[in-house]
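# A look at the structure
The primary structure of each chain is shown beneath.
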Amino acid sequence: MRERLQELKSEALEKIKHSSNLKELNDLRVSYLGKKGPITEVLRGMGKLSAEERPKIGALANAIRESISEVITEKRSELEKAAVQKKLEAETIDVTLPGRPVKRGSRHPLTKMIEEVEDLFIGMGYKVAEGPEVEIDYYNFEALNLPKGHPARDMQDSFYITEDLLMRTHTSPVQARTMEKHKGKGPVKIICPGKVYRRDNDDATHSHQFTQIEGLVVDENITMADLKGTLEVFAKKIFGEDREIRLRPSFFPFTEPSVEMDISCKICGGEGCRVCKQTGWIEILGAGMVHPNVLRMAGFDPEKYTGFAFGMGPERIAMLKYGIDDIRHFYTNDIRFLQQFSVQE
Ligand SMILES: [Zn+2]
């Protein structure tokens with residue numbers, strides 16, 4: 001019996017030594033140490049042994065079991081290490097491979113245009129002011145010298161929500177609100193960028209939703225010369241130092257006098273071409289001296305304070321600056337269009 005046990009031990013150790021994976025090793029453990037294994041089998045014959053021999057064989061069998069168990073544990077950790085090693089080797093990363101290029105997004109051309117104008121005016125001491133896009137009639141019209149019944153308030157032009165609530169048709173209500181906050185005391189120096197809404201049929205130059213940037217300066221001794229100087233700086237910074245500006249008389253309810261500003265056509269240099277409709281000039285924005293009624297409604301004394309205001313469409317400016325022929329490109333988000341503005345910033 002002793003020999004049989006020793007034989008089983010060396011047979012088991014040999015097999016364990018040569019086992020090549022964890023499953024095989026586990027099978028060996030079950031077969032040698034389990035209840036149905038050969039060792040248990042041998043011990044069943046213990047009844048035939050003398051009382052003196054029995055504990056000795058029992059002790060031997062236990063010792064053999066233990067040493068098989070120990071060897072299995074050792075072998076298992078060896079196999080596990082080998083498996084990890086193999087996995088590491090299989091997953092080696094070649095750091096010398098060239099990387100895959102990451103696609104960079106870009107800011108929307110309209111956002112960039114607005115930020116460029118904002119930066120310019122912030123540099124001249126303006127603050128950026130914002131207001132609600134859903135506006136009450138008072139700020140959108142009445143406070144801007146557009147009393148009830150004025151043609152510019154026509155239902156055709158505005159998206160009304162209730163009789164007194166509408167999608168703002170311009171960013172001018174921000175001016176009215178800002179002036180009101182100043183409680184009749186200057187100086188006010190703001191630009192108001194934002195979305196505006198009008199009931200227009202969309203085409204190459206019209207959109208029912210577009211953006212505006214308006215500027216407002218109110219203080220003592222503000223004159224038309226300040227307005228002209230400001231607009232000239234704006235035109236040259238945005239369109240180029242070689243551009244000339246021209247002011248033409250115009251009409252807006254909230255300014256008096258009112259002007260429209262043209263810049264000289266870059267394409268033809270003033271000779272006249274298709275872009276400038278043969279005039280040599282391109283219309284850019286509307287402006288004027290703040291109407292005394294507007295000042296008065298916001299609590300300013302028009303005898304003491306004067307101001308100027310201007311308003312422009314960033315779409316139009318971007319279209320002229322970048323040669324974009326359809327305003328709808330800004331809103332349809334065609335990636336091919338947007339990617340052209342994906343320059344390194
Ligand atoms: Zn031209």
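Residues numbered from 1 in each chain as written. Predicted model: local features only at pLDDT ≥ 70, side-chain atom pairs only at ≥ 80, totals over all residues. Heavy atoms only, no water.

### What to know about the packing of aromatic side chains
All told, the structure shown has eleven aromatic pairs when counted by the stated rule. An angle of 65° between the planes, with centres 6.5 Å apart, marks the rings of Phe-330 and Tyr-331 as edge-to-face. Among the aromatic residues, those joined into a ring-pair cluster are Phe-121, Tyr-126, Phe-234, Phe-308 and Phe-310. (Phe/Tyr/Trp six-rings, centres within 6.5 Å; stacked < 30°, edge-to-face > 60°.)

### Description of the coordination of the zinc ion
Protein coordination at the zinc ion comes from Cys-265 (SG), Cys-268 (SG), Cys-273 (SG) and Cys-276 (SG), with a distance range of 2.2 to 2.3 Å. Viewed at the metal, the four donor atoms of the zinc ion are separated by angles of 105 to 116°, and the geometry they form is tetrahedral. On the primary sequence, the residues serving as donors to the zinc ion are separated as C-x2-C-x4-C-x2-C. Cys-273 matches Cys-265 in its accessibility class, with the two residues each being buried. (Donors = N, O, S within 2.8 Å, 3.2 Å for Na, K, Ca; no water. Tetrahedral: all angles 85-135°; square planar, octahedral: opposite > 155°, others 65-115°. Buried < 20%, exposed > 50% of the residue type's maximum accessible area, 1.4 Å probe, protein only.)

### Some words on the nonpolar core
Counting residues in hydrophobic clusters, the biggest one holds 42 residues, and the most contacted among them are Phe-234, Met-261, Leu-285, Phe-310 and Met-312. Contact partners of Met-261, with chain neighbours within four places excluded, come to Leu-231, Phe-234, Ala-235, Ile-245, Arg-246, Leu-247, Ile-282, Glu-283, Ile-284 and Leu-285. Counting 18 residues, the second largest nonpolar core, distinct from the first, contains Ile-16, Leu-43, Ala-61 and Ile-72. (Core = buried A, V, L, I, M, F, W, Y, C linked by side-chain atoms within 4.5 Å. Contact = heavy atoms within 4.5 Å.)

### Topic: the sheet that holds strand β5 (residues 188-197)
An order of β1-β5-β6-β10-β9-β8-β7 is seen for the seven strands of this open sheet, with the pairing classed as mixed. Both edges of this open sheet fall to β1 (127-128) and β7 (245-252), since each of them pairs with a single strand only. Pairing between strand β6 (residues 209-219) and strand β10 (residues 306-312): seven bridges, direction antiparallel. When the sheet's bridge partners are listed, Asp-219 is paired in β10 with Thr-306. (Pairing = 2+ DSSP bridges. Helix = DSSP H or I, 4+ residues; strand = E, 2+ residues; numbered from the N terminus.)

### Details of the pairing of β10
Most of β10 sits inside the fold, with five of its seven residues counted as buried. As paired elements, strand β9 (residues 281-290) and β10 share five bridges and run antiparallel to each other. Along β10, the bridge assignment pairs Gly-288 with Ala-309.

### A short note on the packing of helix α5 (residues 109-123) against helix α8 (residues 224-239)
Running from N to C, α5 and α8 cross one another at 135°; their axes reach a closest spacing of 11 Å. Compared by their axis directions, α5 and α8 come out oblique. Of the two elements, α5 crosses α8, and the hand of that crossing is right-handed. Of α8, the residues touching α5 (which contributes Met-113, Glu-116, Val-117, Leu-120 and Phe-121) are Thr-230, Val-233, Phe-234, Lys-237 and Ile-238. When the residues that make up the contact of α5 with α8 are grouped by side-chain class, the tally is seven nonpolar, one polar and two charged. (Axes fitted to C-alpha atoms, helices over the stretch in contact; angles between N-to-C directions. Parallel < 35°, antiparallel > 145°, perpendicular 65-115°, else oblique. Left-handed = near helix turned anticlockwise from the far one by under 90°. Nonpolar A, V, L, I, M, F, W, Y, C, P; charged D, E, K, R; others polar.)

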